[in-house]
Amino acid sequence: MSAVEAKLAEIGLTLPTVVPPLAAYQPAVQSGVYVYTSGQLPMVEGKLPVTGKVGAEVTAEEAKELARRCALNALAAVKSVTGDLDRIARVVKVVGFVASAADFTGQPGVVNGASELLGEVLGDKGVHARSAVGVAVLPLDAPVEVEIQVELTGV
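Below: a short report on this structure. Since the structure is predicted, the reported quantities are computational estimates derived from the model, not experimental observations.

## Side note on the overall build of the chain
Here comes step 1: In terms of helices and strands, the chain carries 3 helices and 5 strands.
Here comes step 2: In the chain, the succession of helices and strands from N to C terminus is α-β-β-α-β-α-β-β.
Here comes step 3: Rg of the C-alpha trace for the chain: 15 Å, near the compact-globule value of 15 Å for 155 residues, within the 12% margin.
Here comes step 4: Projected onto its principal axes, the C-alpha positions of the chain cover 45 × 30 × 25 Å.
Here comes step 5: A total of 155 residues make up the chain; the buried ones form 43% of that total.
Here comes step 6: Taking all contacts inside the chain whose residues are at least 6 apart in sequence as the whole, residues at least 24 apart take part in 81%.
Here comes step 7: In the chain, which carries 12 positive and 17 negative side-chain charges, the distance between the mean positions of the two groups comes to 4 Å.

Here it is as structure tokens:
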């Protein structure tokens, strides 16, 4: 077990199985020292636990937890191409998309769920640049989607 996975276990989490792509893409690709994930939905055992817009059917607090799940799924996608999460030198960028009700403006707080998980698990290596974007709708009516870019060591 990697040190990153041990840290996940310490906080009560395990890496999920990577969800097969919903269209013509790969969950993650490596290019040189970087791994780029596709947008990760908050899937749990292959299903969305909740659907709808944040600020309407989904609360900001629920969405923050869903963003945390998206980040966990993104780490699983990174491992699927690297074989070892301990190869992460740093998280470079996080992009979070929040399916938002027309009057919802709390996207940064929602995406904090992903950012905080990465910091909790990776420490200083989890500090990153970030965008948090409100959108009209996401695939499968998911409330949140997160993608990450990481730099690797030992490439």
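## Thoughts on the packing of helix α2 (residues 60–82) against helix α3 (residues 107–122)
Here comes step 1: Contact geometry of α2 with α3 gives a least axis separation of 7 Å together with a crossing angle of 40°. Overall, the two elements α2 and α3 adopt an arrangement that is oblique. In this structure, α2 meets α3 at a crossing whose hand is right-handed. Listed contacts from α3 to Ala60, Ala63, Lys64, Ala67, Arg68, Ala71, Leu72 and Leu75 of α2 are Gly109, Val110, Val111, Asn112, Gly113, Ala114, Glu116, Leu117, Leu118 and Glu120.
Here comes step 2: Partitioned by chemical class, the residues of the contact of α2 with α3 number 11 nonpolar, 3 polar and 4 charged.

## Notes on unusual backbone geometry
With the exception of glycine, most residues fall at negative phi, and the peptide bonds are largely trans.
Here comes step 1: The phi dihedral of Leu140 falls on the positive side, at around 60°, and the residue is not glycine.
Here comes step 2: Note on placement: Leu140 falls in the loop between β4 (129–135) and β5 (144–152).
Here comes step 3: The phi angle at Asp141 is positive, at roughly 65°, despite the residue not being glycine.
Here comes step 4: Residue position: Asp141 is located in the loop between β4 and β5.

## Brief notes about the sheet that holds β5
Here comes step 1: Across the sheet, 5 strands lie side by side as β1-β2-β5-β3-β4; this open sheet has mixed pairing. Whereas interior strands pair on both sides, the edge strands pair on one side only; in this sheet they are β1 (28–31) and β4. Sheet twist, expressed as the average angle between the axes of neighbouring strands with direction ignored, equals 15°.
Here comes step 2: Alignment of strand β2 (residues 34–37) against β5, held across 3 bridges, turns out to be antiparallel. The residue of β5 that forms the bridge with Val35 is Val150.
Here comes step 3: Contacting β1, β2, β3 (88–99) and β5, α2 runs over the sheet at an angle of about 40° to β5.
Here comes step 4: Against the sheet, α3 engages β3, β4 and β5, with an angle of about 145° to β4.

## Observations concerning the nonpolar core
Here comes step 1: One finds Val110, Leu118, Val144, Ile148 and Val150 to be the most contacted residues of the largest nonpolar core, which totals 37 residues.
Here comes step 2: Of all elements in the fold, only α1 (3–10), α2, β3, α3 and β5 reach the threshold of two or more residues within this core.
Here comes step 3: The contacts of Val110, once residues within four sequence positions are left out, are Val54, Ala60, Ala63, Lys64, Ala67, Val98, Phe104 and Val144.
Here comes step 4: Met43, Leu48, Val135 and Leu138 belong to the second-largest nonpolar core, a separate cluster that totals 7 residues.

Reading guide: rules and limits
Residues numbered from 1 in each chain as written. Predicted model: local features only at pLDDT ≥ 70, side-chain atom pairs only at ≥ 80, totals over all residues. Heavy atoms only, no water. Helix = DSSP H or I, 4+ residues; strand = E, 2+ residues; numbered from the N terminus. Rg over C-alpha atoms; globule rule 2.2 N^0.38 Å. Buried < 20%, exposed > 50% of the residue type's maximum accessible area, 1.4 Å probe, protein only. Contact = heavy atoms within 4.5 Å. Lys, Arg positive; Asp, Glu negative; His and termini not counted. Charge placed at Lys NZ, Arg CZ, Asp CG, Glu CD. Axes fitted to C-alpha atoms, helices over the stretch in contact; angles between N-to-C directions. Parallel < 35°, antiparallel > 145°, perpendicular 65-115°, else oblique. Left-handed = near helix turned anticlockwise from the far one by under 90°. Nonpolar A, V, L, I, M, F, W, Y, C, P; charged D, E, K, R; others polar. Pairing = 2+ DSSP bridges. Core = buried A, V, L, I, M, F, W, Y, C linked by side-chain atoms within 4.5 Å.

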